[in-house]
Amino acid sequence: MLRRLLMAVALLSLGSTAALAGPFYAGANASRTTFKINDFGGSFDTTATGQRVFAGYRFLKFFGLEAGYVDFGSLQDSSAGVDLKVDATEYDLSAIGVLPLPGRFELSARA
């Protein structure tokens, strides 16, 4: 039991990682995707595990750009004789604003 709890804590702490080497950084995280719909004379309710990879570059102390790719997973369910399958992905590009705080902390905003 304790071993499983420690493994879960370790996995959660690795859920979002970023490596900073100068102004360039990269990372990855995992997510849970849920799809629910009540239509077609039936009810669909399914979940999948998704993942995201990203990389960014901080041009100035307060500004940077970040690009990422998200795979939401493969969602599929059947109800009332209807089969439904959804494969969703996303590419994103964000401007990142950074406000340094005392110590090794900072606040960031994404647009």
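Each residue is numbered by its place in its chain's sequence as written, counting from 1. Residues qualify for local features only when their pLDDT is at least 70, as the model is predicted, and side-chain atom pairs are given and counted only at 80 or more; totals for whole chains, interfaces and linings, by contrast, use all residues. Each side-chain value is derived from all of the structure's non-hydrogen atoms; neither hydrogens nor water enter the calculation.

## Some details on the overall build of the protein
(1) Moving on: A run of H or I in DSSP counts as a helix once it spans at least four residues, and a run of E counts as a strand once it spans at least two, with each numbered from the N terminus. Along its length, the protein carries 1 helix and 6 strands.
(2) Moving on: Listing each helix as α and each strand as β along the protein from the N terminus yields α-β-β-β-β-β-β.

## Description of the packing of aromatic side chains
(1) Moving on: Any pair of Phe, Tyr and Trp rings, taking the six-membered ring for Trp, is counted once the centres come within 6.5 Å. Such a pair is stacked with planes under 30 degrees apart, edge-to-face with planes over 60 apart, and tilted for the rest. Scanning the entire structure with this criterion turns up 4 aromatic pairs.
(2) Moving on: Seen in terms of ring centroids, Tyr69 and Tyr91 are 5.0 Å apart; in terms of plane orientation they differ by 50°. Their pairing is tilted. In this pair, Tyr69 sits in strand 4 (residues 63–79) while Tyr91 sits in strand 5 (residues 82–100), placing the two residues 22 residues apart along the sequence.
(3) Moving on: Tyr91 gets classed as exposed once you look at its relative accessible area, which sits at 67%.
(4) Moving on: Ring-pair connections join several aromatic residues into one group, and the members of that group are Tyr57, Phe59 and Phe63. A simple rule labels every residue: compare its accessible area, found with a 1.4 Å probe on the protein chains alone, to the largest value its type can have, and call it buried under 20%, exposed over 50%, or partly exposed in between.

## Examining a nonpolar patch on the surface
(1) Moving on: The residues that make up patches have over 30% relative accessible area and no salt bridge, and they are joined within 9 Å when like-charged or within 5 Å when they are Val, Leu, Ile, Met, Phe, Trp or Tyr. Shrake-Rupley sampling with a 1.4 Å probe provides the accessible areas, and residues are treated as covered by the protein chains on show and by no other component. Any Lys or Arg side-chain nitrogen located within 4 Å of an Asp or Glu carboxyl oxygen qualifies as a salt bridge. A grouping of Phe24, Tyr57, Phe59, Leu60, Phe63, Leu65 and Leu93 is seen on the molecular surface, where their side chains present a nonpolar patch of about 710 Å² in accessible area.
(2) Moving on: Those elements that provide at least two residues to the nonpolar patch are strand 3 (42–60) and strand 4.
(3) Moving on: Ranked by residue count, the leading element in the nonpolar patch is strand 3, at 3 residues.
(4) Moving on: Residue placement: Leu65 occurs in strand 4.
(5) Moving on: Judged by relative accessible area, Leu65 falls into the partly exposed class, the value being 34%.

## Side note on the pairing of strand 5
(1) Moving on: Between any two strands, at least two bridges found by DSSP are needed for them to pair. Relative to strand 6 (residues 106–110), strand 5 runs antiparallel, the two sharing 5 bridges. Bridging across to strand 6, Val98 finds its partner in Ser108.
(2) Moving on: In this antiparallel pair of consecutive strands, strand 5 and strand 6, the connection spans 5 residues, and Gly103 shows a positive phi of 85°.

## Focus on the environment of Ala55
(1) Moving on: Following the sequence through the fold, Ala55 ends up in strand 3.
(2) Moving on: Note on Ala55: relative accessible area 29%, which makes it partly exposed.
(3) Moving on: As a C-alpha pair, Ala55 and Ala67 span 12 residues in sequence and 5.6 Å in three-dimensional space.
(4) Moving on: Two residues qualify as a contact provided that any one of their heavy atoms is within 4.5 Å of a heavy atom in the partner residue. If near-sequence neighbours (up to four positions away) are discounted, Ala55 is found in contact with Phe24, Tyr25, Ala26, Leu65, Glu66 and Ala67.

## Description of the side chain of Ser94
(1) Moving on: Of note, Ser94 is situated in strand 5.
(2) Moving on: Residue Ser94 is classed as buried on the basis of its relative accessible area, which comes to 7%.
(3) Moving on: Side-chain atoms alone can form a polar contact between residues adjacent in sequence; in general such a contact is a pair of N or O atoms within 3.5 Å, and within protein one must be able to donate a hydrogen while the other accepts it. In terms of polar contacts, Ser94 uses its side chain to reach the side chain of Arg110, at 3.5 Å.
(4) Moving on: Those residues within four positions of Ser94 in sequence are excluded, and the remaining contacts are Gly64, Leu65, Glu66, Arg110 and Ala111.

Interpretation in functional terms is not warranted from these geometric data alone.
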